[in-house]
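# A look at the structure
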Amino acid sequence: MAANGAGDAAGDDDPIAPFLSAFLRTLETPLAELGISWSPDAIEALVEVAAGPERDFAFPVHRAAAQLRRRPDEVAREIAGRVTRPPELAAVVAQGAYVNATAESESLTRRTLDLALGRGTRYGHSAIAQTPTCIEHTSANATGPFHVGRVRNAVIGDTLARIDRATGLPVTTQYYMDDMGRQAALITWIWTKPRGQWPPSVRSAVEGHEVPGEKPDAVRGRAYPPSSAFLKESAEAQAEVGALVQAIESGHPPPEHRALVQEILGGMLASLARLGITFDEFVWESDLLRDGSVDRVLERLRAASHAVQEENGAWAIDTSSYGLPKESSRVIFQRGNGTSLYVTRDVAYHLEKFARFPTVIDVLGQDHQLHARTLDALLAEIGEPRRPTYLIYQDITVPEGGRMSTRGGSAVWLDGLLAEAVERARGEVLKRREDLADADVDRIAEAVATGAVRFHIVRVAVEKPVVFRWDDALSFEGRSGPFVQYSYARASSVLRKSGTPDGPFPYEAARLADPEERALIRVLARLPRSVAHAARNRHPHVVAGYAHELADQFNRFYHAVPVLRSGDERASRLALVAAIRQGLGNALDLLGVPRLETM
RNA sequence: GGGCGCGUAGCUUAGCUUGGACAGAGCAUCGGGUUCCUAACCCGAGGGUCGGGGGUUCAAAUCCCCCCGCGCCCGCCA
């Protein structure tokens, strides 16, 4: 069980590939002799890779035995007995109902170290995919500081982009900027209004709280919650904001509008940049309106077969045939006043994406699940055959239950989380390093803090909810980012002290025969398959799990086997450490967790 | 009410796509390890009705059905 399936090959970039194919070829003849003529693909589908220690490949014979109406263990023994062992395999043996094989260690060592050292930062990468891909993620409204509840979207999206690129995909990341609608209008409404006319609640939330050097998202964002609350009570404010929404949608926003949105967005992006998250492109919703693409979508939807007009002039799609879980079986796509809705504009956005990218991935919180299905239905209505691939993740929740939100006092801002993380990381650094300059302490603390946060978020499968707890989010040991960073720093340290940190790294495979060394090489050899697997299934957490496993095995090796103090093995072990350092570093890069040469 | 997701040791989780060998980890707990390459580490121990019940199968955490619990969504908001 467990282990990887055989279907995650990463081609020439995969150290394991030749050994796996040798095993598959080896099985073919004995199976045929027993009267089972399975294609190599059929055999491969059953084979497990890395099935256990000293068990690189496992072939369960149950199915073959059933076909022959014979006992599995007997069949396994017979297959193993008929095998002609190829040079790539050290052993092919029957164990219970399995035929297991071990790769020949020296050639596996050579192939793994040569690839890891030869490909350098590209080890783990492959060229198994090439479809131009658009990954849209984050796309948070610019109403204030970046919220921790939303950071999972950004981390998942950015990590997936990195992993996809590592398999050869040309990836473009997009941030969809919603500068229309009430939320964006509310910001402009309050900040273009003279302060003397502000509601008292907004004044008291903003005034007296300014901190010198504060980020614009924090400053502007403080006005948002009380403004939003005020809006619910004041009919006059509702009318003003409504007029503003209309003005924005009709293409005549106040001149300050875009600048305000951009200013807040800039602050949010600065926070994301600390996590290594950046975007290739920003798509502004208002641009889709301005260039007429929304109008064209409205036109096509009105002409759609299930389009119906409501009494007040609004237009809807009758979605009863799409089985959407809505109480009313219709989706309004155009208001009574003729303006469009979010989902309508999203149709226009996706048509634009489809025109440029064969693969379109949307990273969405589970609260957007219905939106995604609605979008699919509307795309179908206008005869668009393509659909985005949705990567839907569960929300980050608070321990008391419920989603993290600005309501109910459960708000945690990313900047606050990072500030706390940096503070704790600094304490850890100072605890063990007294020799560092202040600037180095700062740099390491920042890297440890952001690494811990990113790793903590990405390590859990997207479909699992994440409960936010400070101590978990900021854990620096065990299955954490700093654990991997520490292992990388350790490897770097050994190399630094070797006198030849940059190589070359001549080695003799025969000298890397310790069980811990063999186990370590086998983990390193799995990096390309692990990345390929993560990309294929869009499971970024797999890479986090792999990184921990590699670091874990490296630490075991480190304790069990001396490197610098060893004799004849010294050069070979240095090569191994250099290869591991490369593997750990590349895994960290894929996770967006900073490398640290020392910590 | 309907849809989607989740339920695995005290806590956090991997494994579920493609059923297979004793369900792997981390934290916490308990017991060890540093004159030696970074102890943010390592070694060992205890701890599991894989939510419950049926079914399919030689074989079920994994597939199917029913039920229970939790979360989210079901707006002429985004």
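Keep in mind that what you see is a predicted model, and the values were worked out from it rather than measured.

Thresholds applied
- Residues numbered from 1 in each chain as written.
- Chains lettered and ligands numbered in written order.
- Predicted model: local features only at pLDDT ≥ 70, side-chain atom pairs only at ≥ 80, totals over all residues.
- Heavy atoms only, no water.
- Near = heavy atom within 4 Å.
- Polar contact = N/O pair within 3.5 Å; in protein donor to acceptor, adjacent residues only side chain to side chain.
- Helix = DSSP H or I, 4+ residues; strand = E, 2+ residues; numbered from the N terminus.
- Nonpolar A, V, L, I, M, F, W, Y, C, P; charged D, E, K, R; others polar.
- Buried < 20%, exposed > 50% of the residue type's maximum accessible area, 1.4 Å probe, protein only.
- Pairing = 2+ DSSP bridges.
- Right-handed = clockwise from strand over helix to strand, strands pointing away.
- Core = buried A, V, L, I, M, F, W, Y, C linked by side-chain atoms within 4.5 Å.
- Contact = heavy atoms within 4.5 Å.
- Axes fitted to C-alpha atoms, helices over the stretch in contact; angles between N-to-C directions.
- Domains from an automatic or database assignment.

## Remarks on the protein's contact with RNA strand B
Residues in contact with RNA strand B amount to 70 residues; listed here are only the nearest, Y98, D178, R432, Y486 and R490. In the model, a phosphate oxygen of RNA strand B is placed 2.3 Å from a nitrogen or oxygen of the K464 side chain. M599 is positioned with one of its backbone polar atoms (N or O) 2.8 Å from a base oxygen of RNA strand B. The leading source of residues in the surface near RNA strand B is helix α20 (residues 481-498), at 8 residues. Here the surface near RNA strand B is composed, by residue class, of 27 nonpolar, 20 polar and 23 charged.

## Topic: the pairing of strand β6 (residues 133-136)
Judged by which residues are buried, β6 turns out to be covered on both faces: T133 and I135 on one side and C134 and E136 on the other are all buried. The sheet contact formed by β6 and strand β7 (residues 171-177) spans 4 bridges and is parallel. Across the sheet, T133 pairs through a bridge with V171, a residue of β7. In this region the chain leaves β6, passes through helix α6 (residues 148-166) and returns to the parallel neighbour β7; the handedness of that crossover is right-handed. The pairing of β6 with strand β12 (residues 359-365) spans 4 bridges and is parallel. Directly across from E136, in β12, lies its bridge partner D362.

## A word on the nonpolar core
Counting residues in each nonpolar core, the largest one holds 141 residues, and the members touching the most others are V151 and L417. It is helix α24 (residues 570-591) that contributes the most residues to this core, 12 residues altogether. Those residues within four positions of L417 in sequence are excluded, and the remaining contacts are V148, V412, V453, F468, W470, A473 and L474. Counting 31 residues, the second-largest nonpolar core is a separate cluster that includes L27, V47, I79 and V83.

## Focus on unusual backbone geometry
For the bond from G503 to P504, the omega torsion is 5°, close enough to zero to count as cis. By the element assignment, P504 lies in the loop between α20 and α21 (515-525). One non-glycine residue, R69, lies in the positive phi region at around 55°. The exposure class of R69 is exposed, given its relative accessible area of 79%. The phi dihedral of T138 falls on the positive side, at around 70°, and the residue is not glycine. With respect to the helices and strands, T138 occurs in the loop between β6 and α6. Taking relative accessible area as the criterion, T138 reaches 1% and is therefore assigned buried.

## Here we look at the sheet that holds strand β11 (residues 330-334)
In spatial order, the strands read β9-β10-β11; together these 3 strands make up an open sheet with antiparallel pairing. The open sheet has two free edges, formed respectively by β9 (307-309) and β11, since each of these has just one partner strand. Between one strand axis and the next, the sheet turns by 35° as a mean value, whatever way the strands run. Relative to strand β10 (residues 315-318), β9 runs antiparallel, the two being bridged by 3 bridges.

## Description of the domain arrangement of chain A
One can read the domain layout of chain A as domain 1 (4-103), domain 2 (137-288), domain 3 (291-358 + 374-380) and domain 4 (414-591). A C-alpha centroid distance of 56 Å is found between domain 1 and domain 2.

## A few points about the environment of R556
Assignment of secondary structure puts R556 in helix α23 (residues 541-560). Taking the relative accessible area as the measure of exposure, R556 reaches 41% and is therefore partly exposed.

## Quick notes on the pairing of β7
Among the 7 residues in β7, 7 count as buried, and that is most of the element. Burial along β7 is two-sided: the face carrying V171, T173, Y175 and M177 and the face carrying T172, Q174 and Y176 are both buried. With 4 bridges connecting them, β7 and strand β8 (residues 281-284) associate as parallel partners. Bridging from a neighbouring strand, Y175 pairs with F282 of β8.

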